[in-house]
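In case you want the letters, here they are:
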Amino acid sequence: VMGRGVFGKVTAINGSVLTVAGANGTTYTVDASASTTVLKAATGTPPTKTTLSSVKVGDTVGVRGTLSGTTVSANVIFDGVMRGAHLGWRHGPFNR
């Protein structure tokens, strides 16, 4: 866990709840709400705002929010972080 969020791969989606297999081996429950901002990453372009429905099982995500145990109340979900990007993801769009 880095800071107040998680990084990993989406393994399940149930409504607004994502199950994320963390890069550290822990499985997290990510609770998104209507106020959660979802950003889609694309190589070479700035992230664009999208909706939770664009997040798919198998996507790599960075989630910023309030972490309580293994549950994250998501403020921001960054969908499509490139492999290796987690080394510096907290210095990306989350710290504006």
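Just so it is clear, the structure is predicted and the values come from calculations on it, not from any experiment.

Conventions used here
- Residues numbered from 1 in each chain as written.
- Predicted model: local features only at pLDDT ≥ 70, side-chain atom pairs only at ≥ 80, totals over all residues.
- Heavy atoms only, no water.
- Helix = DSSP H or I, 4+ residues; strand = E, 2+ residues; numbered from the N terminus.
- Buried < 20%, exposed > 50% of the residue type's maximum accessible area, 1.4 Å probe, protein only.
- Contact = heavy atoms within 4.5 Å.
- Core = buried A, V, L, I, M, F, W, Y, C linked by side-chain atoms within 4.5 Å.
- Pairing = 2+ DSSP bridges.
- pLDDT = per-residue confidence, 0-100.

K.L.:
Got a minute to help me understand the overall build of the chain in this structure?
P.N.:
Check the secondary structure of the chain and you find 0 helices and 7 strands. Tracing the chain from N to C terminus, the helices and strands come up as β-β-β-β-β-β-β. For the chain, the residues scored as buried account for 34% of the 96 residues in total. A sequence separation of at least 24 residues applies to 54% of the contacts in the chain between residues at least 6 apart.

K.L.:
Would you mind showing me how to read the environment of Leu52 here?
P.N.:
Tracing the backbone shows Leu52 in the loop between β5 (45-50) and β6 (60-68). Spatially, the C-alpha atom of Leu52 lies 9.0 Å from that of Leu39, the residues being 13 residues apart in sequence. If sequence neighbours within four positions are ignored, Leu52 has contacts with Gly15, Ser16, Leu18, Ala32, Val38 and Ile77.

K.L.:
Even after reading the chapter, I still don't get the nonpolar core, so can you show me in this structure?
P.N.:
Generally speaking, a soluble globular protein has its nonpolar side chains buried in company with each other. Grouped together as the largest cluster of nonpolar side chains are 14 residues, with contacts concentrated most on Val30, Val61, Val63 and Ile77. Within the residue set of this core, elements represented by two or more residues are β1 (5-14), β2 (17-22), β3 (27-31), β6 and β7 (71-79). For this core, the leading source of residues is β7, giving 3 residues.

K.L.:
Explain the pairing of β6 here, please?
P.N.:
Successive side chains on a regular strand alternate, one facing one side of the sheet and the next facing the other. When β1 meets β6, the two strands line up antiparallel, connected through 5 bridges. Each residue of the ladder has a partner; that of Gly8, found in β6, is Val61. Bridge count for β6 against β7 is 8 bridges, and the pairing is antiparallel. From the neighbouring strand, Ser68 faces β7, where its bridge partner is Thr71. Hairpin remark: β6 followed by β7, antiparallel, with 2 residues in the connecting loop; positive phi at Gly69, about 65 degrees.

K.L.:
What am I meant to see in the confidence of the model for the chain here?
P.N.:
Any region with low pLDDT has predicted coordinates that should not be read closely. Averaged over the chain, the pLDDT score is 83; the fraction of residues at 70 or greater is 80%. For the chain, β5 is the element with the lowest average pLDDT, namely 88, and β3 is the one with the highest, namely 97. Under a pLDDT of 50 for its full length, residues 83-96 has, in the predicted model, 20 contacts with residues more than four places off or in other chains.

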